Amino acid sequence: MINQSQRNIISIMDEKDSSQWQNWKWHIKHRIRTVKQFEDLTRITLDETHKIQLEQTLSKFPMSITPYYLSLIVTEDYKNDPIFKQSFPSIQELEINCNEMSDPLHEDKDSPVPGITHRYPDRVLFLVSNMCSMYCRHCTRKRKVGDIDFIPDKDTLEKGIEYIRNTPVIRDVLLSGGDPFMLSDDYLDWILSELSKIDHVEVIRIGTRMPVVLPYRITPNLIEILKKYHPIWINTHFNHPRELTKASKKSLRMMADAGIPLGNQSVLLSGVNDCPRIIKSLVHKLVANRVRPYYLYQCDLSEGLQHFRTPVGKGIEILESLIGHTSGFCVPTYVIDAPGGGGKIPVMPNYLISWSTNKVILRNYEGVITSYKEPDSYEQTFCDRKCDKCDLQLHLEEGIEHSIGIEKLLADHDATVSLIPEGNLRMNRRNDED
Ligand SMILES: *Cc1c(COP(=O)(O)O)cnc(C)c1O
């Protein structure tokens, strides 16, 4: 069942019982947290000055690697290894660029109660744990992870649940952290049961990296719990095709067989996966394991991540290599999470080249330029949002939805002509004249 490098690790750890390898709690207990442990287990020797520098990184951003994830490092070429780069600290993490922030997405500012980020109209992010089995070096929430491993108590979580209960517009709750699967089965069961009792909560989503860094966490008991609360959607976080091992594929199979739709959120990382061929191989492996590539994230402006960041052009180049070249459902949406809390902004290559009043000019992935003739006549219906009187026979039970943003500018029923940034000087001058 286990391979040579896993056997080595387990024997160096002086564990007599190699069946422990499949026990997720054993991995949590034996997480690699010091450079010395790392050296002993991998037989890699780092030079002394480097080690002293690394201590500084570790005092700010601690390390935690599961023995499982460690066993995936190809030690002969560890410096270029994507698993090593995602899990082992770098002295570059201490270089804080002036554009970087500890909370670039303003998750703490958009937080009505501790643990909840309510940014979008109909869904919330609910941080139920600040613990992870492996600390990704590229974590966007480095500010939270690792200072003290901590799982909020029931009272704290109850306040978050209370907020969701009292906010009927929330139809989608996204459990994240930290990793929600660091919670015990019973605790998770309690949170899911409380959320599923709320009528307006239509779906629960869980974001977890366990299938990548500790696939043994996906146990039959956990699956039994999740199955009780459908619809549950799970997003995981594979960044490199090498992470799709036998064990990780098995964990995906267990979740897919339980009827859980699976998605994947990758982060574009310099030196790890900033290559069209690597991403193509990754998305192919994901869909072959019933995981739909959901987002490809531009690396956030969190402190100490500069060495991981690529230009946005790299992401566009990667999408250009996917769209049309491979199955549509292999293509993730490439997003930049707006610094300051504006949310995820999709970024795409341009396919619409030009247009006139009756034709649009498009180009495809091969470079073919084509024209699409618009209809000669199109009966414009003026939409006053009185849906009960509309010919389209849309019989919705839901109440009035309020338009915002560009949708509002496009709407017939709203008189807004422009959106003006707050504090616009020209507008302030006008007010002064009034
Ligand atoms: C990403 C995110 C969501 C979910 O966004 P989707 O585009 O629906 O996946 C919700 N809330 C916050 C704060 C987020 O960052």
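This is a predicted model, so every value here is computed, not measured. (Residues numbered from 1 in each chain as written. Predicted model: local features only at pLDDT ≥ 70, side-chain atom pairs only at ≥ 80, totals over all residues. Heavy atoms only, no water.)

Observations regarding the layout of surface pockets
Put simply, the rule reads: A 1.4 Å probe that fits but cannot get out identifies a cavity on a 1 Å grid over protein atoms alone, an open set with protein on both sides within 12 Å along at least five of seven lines counts as a pocket, and a residue lines either if it has an atom within 4 Å of a point. Grid points are joined across faces, edges and corners, and a volume is the space filled by probe spheres set on the points. Counting from the N terminus, the helices are DSSP H or I runs at least four residues long and the strands are E runs at least two residues long. Amino acid classes used here: Ala, Val, Leu, Ile, Met, Phe, Trp, Tyr, Cys and Pro are nonpolar; Asp, Glu, Lys and Arg are charged; the rest, including Gly, are polar.
Estimated volume of the largest pocket: approximately 1,100 Å³. Taken together, 46 residues make up the lining of the largest pocket; nearest its centre are Thr-140, Arg-141, Ser-176, Gln-265 and Tyr-297. Of all elements in the fold, only strand S1 (116–120), strand S2 (123–127), strand S3 (172–176), strand S4 (203–207), strand S5 (232–236), strand S6 (262–267) and strand S7 (291–297) reach the threshold of two or more residues within the lining of the largest pocket. Grouping the amino acids of the lining of the largest pocket by side-chain chemistry returns 19 nonpolar, 14 polar and 13 charged.

Re empty space enclosed by the protein
On inspection of all chains with the given rule, the structure shows one cavity of 30 Å³ or more. Considering only enclosed or pocket space, the largest cavity measures out at about 40 Å³ in volume. In this structure, the largest cavity is lined by Asn-264, Ser-266, Ile-279, Leu-282, Val-283, Leu-286, Pro-293, Tyr-295, Leu-296 and Pro-332. Broken down by secondary-structure element, the contributors of at least two residues to the lining of the largest cavity are S6, helix H12 (276–288) and S7. The element best represented in the lining of the largest cavity is H12, accounting for four residues.

Details of the sheet that holds strand S12 (residues 369–373)
Adjacent strands of a sheet form backbone hydrogen bonds with each other and so pair up, either parallel or antiparallel. Note the following rule: Strand pairing is assigned whenever DSSP identifies at least 2 bridges connecting the two strands. The angle between two axes is taken between their N-to-C directions and runs from 0 to 180 degrees, where each axis is a line fitted to C-alpha atoms and a helix contributes only its stretch in contact.
Spatially, three strands are ordered S10-S11-S12 in an open sheet, and the strand pairing comes out antiparallel. Of all strands in the sheet, those bounded by a partner on one side alone are strand S10 (352–355) and S12. Taken pair by pair, the neighbouring strands of this sheet meet at an average axis angle of 25°, ignoring direction. Where S10 meets strand S11 (residues 359–363), three bridges bridge the pair, whose relative direction is antiparallel.

Description of the pairing of strand S8 (residues 333–338)
Summarising the sheet, S7 and S8 pair through three bridges and their orientation is parallel. Pairing of Leu-296 across the sheet is with Tyr-334, part of S8. Pairing between S8 and strand S9 (residues 343–346): four bridges, direction antiparallel. Looking across to S9, one finds that Ala-338 is bridged to Gly-343. Counted between consecutive antiparallel strands, the loop separating S8 from S9 contains four residues, among which Gly-340 sits at a positive phi close to 95°.

So, the nonpolar core
Heads up, the rule is: Note on terminology: a nonpolar core comprises buried Ala, Val, Leu, Ile, Met, Phe, Trp, Tyr and Cys residues joined through side-chain atoms within 4.5 Å. Burial status follows relative accessibility: with a 1.4 Å probe on protein chains alone, a residue under 20% of its type maximum counts as buried, one over 50% as exposed, and anything between as partly exposed. By convention here, the domain bounds are inherited from an automatic or database domain assignment. Two residues qualify as a contact provided that any one of their heavy atoms is within 4.5 Å of a heavy atom in the partner residue.
In this structure, Ile-164 and Leu-175 are the most contacted members of the largest nonpolar core, which totals 89 residues. Composition of this core by domain shows at least three residues from each of domain 1 (4–91) and domain 2 (116–346). When sequence neighbours within four positions are dropped, the list of residues in contact with Ile-164 reads Ile-116, Val-124, Phe-126, Ile-170, Val-173, Leu-195, Ile-198, His-200 and Val-201. In this structure, Leu-269, Val-272, Cys-299 and Phe-308 belong to the second largest nonpolar core, which totals nine residues.

Quick word on the domain arrangement of the chain
Each domain of the chain was delimited in the assignment, giving domain 1 (4–91), domain 2 (116–346), domain 3 (351–378) and domain 4 (387–433). For domain 2 versus domain 4, the separation of C-alpha centres amounts to 32 Å.

Some details on the site of the ligand
Basically, it comes down to this: We define proximity as follows: a residue is near a molecule or strand when any one of its heavy atoms falls within 4 Å of that partner. Between N or O atoms, a polar contact is any pair within 3.5 Å; within protein, one atom must be a potential hydrogen donor and the other a potential acceptor, and residues adjacent in sequence are included only when both atoms are from side chains. To be clear on the numbers: accessible area is Shrake-Rupley with a 1.4 Å probe, and residue cover counts the displayed protein chains and nothing else. Think of it this way: if more than half of a molecule's atoms are within 2 Å of a pocket's grid points, that molecule is in the pocket or cavity.
With respect to spatial proximity, the complete set of residues near the ligand consists of Thr-117, Arg-119, Tyr-120, Arg-123, Leu-125, Leu-174, Arg-205, Tyr-294, Tyr-295 and Lys-344. At a separation of 2.6 Å, an oxygen atom of the ligand approaches a polar side-chain atom of Arg-123. Between an oxygen atom of the ligand and a side-chain N or O atom of Arg-205, the distance comes to 2.8 Å. Compared with its free state, where it exposes 380 Å², the ligand has 91% of that area covered by protein. A molecule is said to occupy a pocket when more than half its atoms come within 2 Å of that pocket's grid points, and by this definition the ligand occupies the largest pocket.

Notes on unusual backbone geometry
With an omega of 20°, the peptide bond running from Gly-177 to Gly-178 counts as cis. The step from His-230 to Pro-231 runs through a cis peptide bond, and the omega angle for that step is 0°. As for its position among the elements, Pro-231 is in the loop between helix H10 (220–227) and S5. The backbone of Asp-14 sits at a positive phi, close to 65°, despite the residue not being glycine. Mapped onto the elements of the fold, Asp-14 is located in the loop between helix H1 (4–12) and helix H2 (24–29). Backbone geometry at Arg-290 places phi at a positive 65°, although glycine is not the residue there.

Overview of the pattern of salt bridges
So the rule is basically this: Salt bridges are defined as contacts in which a side-chain nitrogen from Lys or Arg sits within 4 Å of a carboxyl oxygen from Asp or Glu.
Counting across every chain of the model gives 29 salt bridges. For Asp-14, the salt bridge identified is with Lys-16, shortest N-O distance 2.8 Å. There is no split in this pair, since Asp-14 and Lys-16 are both exposed. With a closest N to O distance of 3.4 Å, Glu-194 and Arg-165 form a salt bridge. With Glu-194 in helix H8 (residues 185–196) and Arg-165 in helix H7 (residues 154–165), this residue pair connects regions lying 29 residues apart in the sequence. Taking the relative accessible area as the measure of exposure, Arg-165 reaches 31% and is therefore partly exposed. Residues joined in a network through salt bridges with shared partners are Glu-158, Glu-162, Arg-165, Glu-194 and Lys-197.

Section: H8
A turn of α-helix holds 3.6 residues, and therefore any two residues three or four places apart point the same way. Let me state the cut-off plainly: To estimate the expected span of a helix, subtract one from its residue number and multiply by 1.5 Å.
Here H8 contains 12 residues, and its C-alpha end-to-end distance of 16 Å stays within 8% of the 16 Å for a straight helix at 1.5 Å per residue. Counting buried positions over the 12 residues of H8 gives 10, a clear majority of the element. Residues Asp-185, Tyr-187, Leu-188, Asp-189, Trp-190, Ile-191, Leu-192, Ser-193, Glu-194 and Leu-195 constitute the buried set of H8.

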